[in-house]
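Chain by chain, the residues:
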2 protein chains.
Amino acid sequence: MAYHLLQRDPGGAGRLASALDHALKTLRRCARCNTFTEDVVCDRCLSPRRDSSLLCVVEMPVDLNTMEQTHAFNGLYYVLMGRLSPLDGIGPRELAFDRLLARANDGAVREVVLATNFTNEGEATAHYLAEMLRARGLKVSRIARGLPVGGELEYSDAATVAQAFIERRDY
Amino acid sequence: MAYHLLQRDPGGAGRLASALDHALKTLRRCARCNTFTEDVVCDRCLSPRRDSSLLCVVEMPVDLNTMEQTHAFNGLYYVLMGRLSPLDGIGPRELAFDRLLARANDGAVREVVLATNFTNEGEATAHYLAEMLRARGLKVSRIARGLPVGGELEYSDAATVAQAFIERRDY
């Protein structure tokens, strides 16, 4: 991309540079959900049409976008901007879990939906957060593991099929 | 494969032909679980170490193998040898649902786990079977849908993430 811009599109390179510069200068973290915004509190957190009793915790802003694209969730978010990763020196303090705790204890939140990834770090993060939030008397749930929509047993890995069986639900 | 056998491995072609011929002559359907076996009732159905209170319904013998590879399930199976597919003329009669009903009503079965695929036909089959089995007072469950083990929101399709949210579970 860098070679293309420098060789074929110097005008575009200039526009990209100033756009990045503008973003760096104007973007901050939303005081409520911690995602990128140009305001103190982002539009989503201020929207009266969102269900403030549901708080969905995701790792990154891109995960928030994915959840939004499903059109299945109408609550609010909290973006961790990472996940627990002791090997990289990222613990509860680096992710400011106390900010999430304060957010979840605002009185309006009834359920915290943990939507961190199903990687080792994402699972460890969900486990840690669940313990922490439940100790404060909050209802905590976790997005489901199992076969993907359209999935077939024959083409699924054994770990996923095992999980789908273990987490089977009443019909 | 046919060209390879005919050109490079005529001996192998002969062995394959006689193996197929042998399988055609000796294989039948297990009287209990409907999968392929050389006996009247297959070894798995006769095993005293399997939990006869759990009955897992799968579409094909290959799905049974997938479930076995997970080492997570120790109950018994029923193989439909297909799925409902009205466009192909396959209905409840063609799949002999009455045989499954009789099997599930043997008195030992406490829960029927529907493990048909999450394709349209597999879902329709699960829905039909659930109605039928519940009408007989049986407990019916369905393997879980959601994100696969190791899955990340960013790389999952919107339908799967939506389902994972809808089917979230208490932590």
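The model shown is predicted, which means the values in this text are computed figures rather than measured ones.

A. Region of interest: the interface of chain B and chain A. Across the boundary between the two partners, chain B contributes 52 residues, which contact 53 residues of chain A. Of the roughly 4600 Å² buried where chain B meets chain A, counting both sides, 62% is carbon and sulfur surface. Considering only the side of chain B, the residues that lose the most area to chain A are Leu153(B), Arg169(B) and Tyr171(B), jointly responsible for 19% of the buried surface there. Taken together, the links from chain B to chain A amount to six salt bridges.

B. Structural detail: the relation of the copies chain B and chain A. Note on the copies: chain B fits chain A at an RMSD of 0.1 Å, the axial shift is 0.1 Å, and the rotation between them is 180°. In the structure described here, the two chain copies are related by an operation that fits a two-fold rotation axis. By C-alpha distance to the rotation axis, the residue of chain B lying nearest is Gly146(B), at 2.2 Å.

C. Representation of the sheet that holds strand E7 (residues 169-170) of chain B in the model. With mixed pairing, the five strands of this open sheet are ordered in space as E4(A)-E3(A)-E5(A)-E6(A)-E7(B). Edge positions in the open sheet fall to strand E4 (75-79) of chain A together with E7 of chain B, since each of these has one partner strand only. Pairing geometry for strand E3 (residues 51-58) of chain A and E4(A), over five bridges, is parallel. Each residue of the ladder has a partner; that of Asp51(A), found in E4(A), is Gly75(A).

D. A look at the environment of Leu101(A). Residues and elements named next belong to chain A. As for its placement among the helices and strands, Leu101 is situated in helix H5 (residues 97-104). Since its relative accessible area comes to 13%, Leu101 is described here as buried. Leu101 sits 28 residues away from Leu129 along the chain, and the two C-alpha atoms are 9.2 Å apart. Each residue touching Leu101, except ones within four places of it in the same chain, is listed here: Met132, Leu133 and Arg136.

E. Geometry of the side chain of Glu59(B). Residues and elements named next belong to chain B. Along the chain, the position of Glu59 falls in the loop between strand E3 (51-58) and helix H4 (61-70). Note on Glu59: relative accessible area 0%, which makes it buried. A polar contact of 3.0 Å, which involves the side chain of Glu59, links it to the backbone nitrogen of Asn117. Not counting residues up to four positions away in its chain, the partners in contact with Glu59 are Val79, Leu80, Met81, Gly82, Arg83, Thr116, Asn117 and Gly122.

F. Local environment of the packing of aromatic side chains. This model, assessed by the stated rule, comprises six aromatic pairs over all chains. Each ring, one from Phe73(A) and one from Phe165(B), has its centre 5.0 Å from the other, and the planes form 85°; the classification is edge-to-face. A residue pair is termed interchain when its members come from two chains, as with Phe73(A) in the loop between helix H4 (61-70) and E4 and Phe165(B) in helix H7 (residues 158-166). For the residue pair Phe73(A) and Phe165(B), the accessibility class agrees, reading buried in each case.

G. Focus on unusual backbone geometry. All names here are of chain A. Here His71, not a glycine, exhibits a phi torsion of approximately 55°, which is positive. When you line up the elements, His71 lands in the loop between H4 and E4. According to the relative accessible area criterion, His71 is exposed, its value standing at 73%.

H. Highlighting the environment of Cys33(B). Residues and elements named next belong to chain B. Turning to its location among the elements, Cys33 is positioned in the loop between strand E1 (28-29) and strand E2 (36-37). Classification of Cys33 by relative accessible area gives buried; the value is 1%. When the C-alpha atoms of Cys33 and Leu55 are compared, they prove to be 9.4 Å apart, with 22 residues separating the residues in sequence. Non-local contacts of Cys33, meaning those with residues more than four positions away in its chain, are made with Cys42, Cys45, Tyr77, Tyr78 and Val79.

I. Quick look at the pattern of salt bridges. Under the definition given, this model contains 26 salt bridges over all chains. Among the salt bridges present, the one from Arg103(A) reaches Asp106(A), with a minimum N-O distance of 3.0 Å. In this structure Arg103(A) comes out as buried when scored by relative accessible area, which is 6%. Given a relative accessible area of 36%, Asp106(A) falls into the partly exposed group. Among the salt bridges present, the one from Glu111(B) reaches Arg168(A), with a minimum N-O distance of 2.7 Å. One end of the pair, Glu111(B), is in strand E5 (residues 111-114); the other, Arg168(A), is in the loop between helix H7 (158-166) and strand E7 (169-170), on a second chain. The exposure class assigned to Arg168(A) is partly exposed, which follows from its relative accessible area of 23%. Ionic contacts of the salt-bridge type, sharing partners, join the residues Glu123(A), Arg142(A), Arg145(A), Glu167(A) and Arg169(B) into one network.

J. Representation of a nonpolar patch on the surface within the structure. Together, Met1(A), Leu16(A) and Leu20(A) give the surface a local cluster of nonpolar side chains, amounting to about 340 Å² of exposed area. Summarising the element assignment, Leu20(A) is placed in helix H2 (residues 10-26).

K. The arrangement of the sheet that holds strand E4 (residues 75-79) of chain B in detail. Spatially, the five strands line up as an open sheet ordered E7(A)-E6(B)-E5(B)-E3(B)-E4(B), and their pairing is mixed. A single partner strand is all that each edge strand has here, and the edge strands are E7 of chain A together with E4 of chain B. Sheet analysis places E7(A) next to strand E6 (residues 139-142) of chain B, joined by two bridges and oriented antiparallel. From the neighbouring strand, Arg169(A) faces E6(B), where its bridge partner is Arg142(B).

So, how was this worked out
- Residues numbered from 1 in each chain as written.
- Chains lettered and ligands numbered in written order.
- Predicted model: local features only at pLDDT ≥ 70, side-chain atom pairs only at ≥ 80, totals over all residues.
- Heavy atoms only, no water.
- Contact = heavy atoms within 4.5 Å.
- Buried area = accessible area lost by both parts, 1.4 Å probe.
- Salt bridge = Lys/Arg side-chain N within 4 Å of Asp/Glu carboxyl O.
- Least-squares fit on C-alpha atoms with pLDDT ≥ 70 in both.
- Pairing = 2+ DSSP bridges.
- Helix = DSSP H or I, 4+ residues; strand = E, 2+ residues; numbered from the N terminus.
- Buried < 20%, exposed > 50% of the residue type's maximum accessible area, 1.4 Å probe, protein only.
- Polar contact = N/O pair within 3.5 Å; in protein donor to acceptor, adjacent residues only side chain to side chain.
- Phe/Tyr/Trp six-rings, centres within 6.5 Å; stacked < 30°, edge-to-face > 60°.
- Patch = residues over 30% accessible without salt bridge, like charges linked within 9 Å, V, L, I, M, F, W, Y side chains within 5 Å.
- Areas by Shrake-Rupley, 256 points an atom, 1.4 Å probe, with all protein chains shown as cover.

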